[in-house]
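Summary of the model geometry
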Amino acid sequence: MLEYDFEKTINYRGKADFHIQAADSIARGLTVLFGPSGSGTSTILNMLAGIVTPDRGRAAVQGTTIFDSGEGIDLP
């Protein structure tokens, strides 16, 4: 099972801030994340992969917490 609840604000030079908030709980099977270009789909995948650190949130895989901003957990 994969559970996540993330928030991230990205600042671009000369452009408005981009804010992403995503949450889901996925038990089994194939899951697809899709959206138009610039909607944050790659950023969500990068947060799940540990490439981008969320500003706030939590993620757990099979009951093991891999990220929790409140507890200071950020596993590679």
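Residues numbered from 1 in each chain as written. Predicted model: local features only at pLDDT ≥ 70, side-chain atom pairs only at ≥ 80, totals over all residues. Heavy atoms only, no water.

**Concerning the nonpolar core**
In summary, soluble globular proteins display a tendency toward joint burial of nonpolar side chains. Selection criterion: To qualify as a nonpolar core, a set must consist of buried Ala, Val, Leu, Ile, Met, Phe, Trp, Tyr and Cys residues joined through side-chain atoms within 4.5 Å. A simple rule labels every residue: compare its accessible area, found with a 1.4 Å probe on the protein chains alone, to the largest value its type can have, and call it buried under 20%, exposed over 50%, or partly exposed in between. A run of H or I in DSSP becomes a helix once it reaches four residues, and a run of E becomes a strand once it reaches two; helices and strands are each numbered from the N terminus. Pairs of residues are marked as contacts when any of their non-hydrogen atoms sit within 4.5 Å.
Listed in full, the nine residues of the largest apolar core are Tyr4, Phe6, Ile20, Ala22, Ile26, Ile44, Met47, Ala59 and Phe67. Of all elements in the fold, only strand 1 (2-10), strand 2 (18-26) and helix 1 (41-49) reach the threshold of two or more residues within this core. The biggest single contributor to this core is strand 2, with three residues. With sequence-adjacent residues up to four places away left out, Met47 is seen in contact with Phe6, Lys8, Ile20, Val52 and Pro54.

**Some words on the packing of aromatic side chains**
Heads up, the condition is: Any pair of Phe, Tyr and Trp rings, taking the six-membered ring for Trp, is counted once the centres come within 6.5 Å. Such a pair is stacked with planes under 30 degrees apart, edge-to-face with planes over 60 apart, and tilted for the rest.
A complete count under the given rule lists two aromatic pairs for this structure. With centroids separated by 6.2 Å and ring planes inclined at 65°, the aromatic side chains of Phe6 and Phe67 adopt a geometry described as edge-to-face. Here the residue Phe6 occupies a position in strand 1, and Phe67 occupies one in strand 4 (residues 64-68), the gap between them amounting to 61 residues. Neither Phe6 nor Phe67 differs from the other in exposure class; each is buried.

**Things to note about unusual backbone geometry**
Positioned with a positive phi, Gln62 is a non-glycine residue whose angle comes to about 50°. Along the chain, the position of Gln62 falls in the loop between strand 3 (56-61) and strand 4.

**Overview of helix 1**
Note the threshold: As used here, the arc is the angular range of directions from the helix axis to the C-beta atoms.
Buried within helix 1 we find Thr43, Ile44 and Met47. For helix 1, the arc enclosing every buried residue in end-on projection is 100°, short of the 170-degree limit, so these residues lie on one face.

**Digging into the confidence of the model for the protein**
This is how the line gets drawn: pLDDT is a per-residue confidence score from the predictor, ranging from 0 to 100.
In this model, the protein carries a mean pLDDT of 90, and residues with pLDDT of at least 70 account for 97%. The least confident element of the protein, judged by mean pLDDT, is helix 1 at 91; the most confident is strand 3 at 96.

**Concerning a nonpolar patch on the surface**
We apply this condition: A patch consists of residues exposed above 30% relative accessible area that lack any salt bridge, with like charges linked at up to 9 Å and nonpolar side chains (Val, Leu, Ile, Met, Phe, Trp, Tyr) linked at up to 5 Å. For the accessible areas, the method is Shrake-Rupley and the probe is 1.4 Å, while residue cover comes only from the protein chains on display. The salt bridge definition used is simple: a Lys or Arg side-chain nitrogen within 4 Å of an Asp or Glu carboxyl oxygen.
Among the surface-exposed residues, Leu30, Val32 and Phe34 lie close enough to one another that they form a single nonpolar patch of about 440 Å² accessible area. If you trace the backbone, Val32 turns up in the loop between strand 2 and helix 1. We classify Val32 as exposed; its relative accessible area is 59%.

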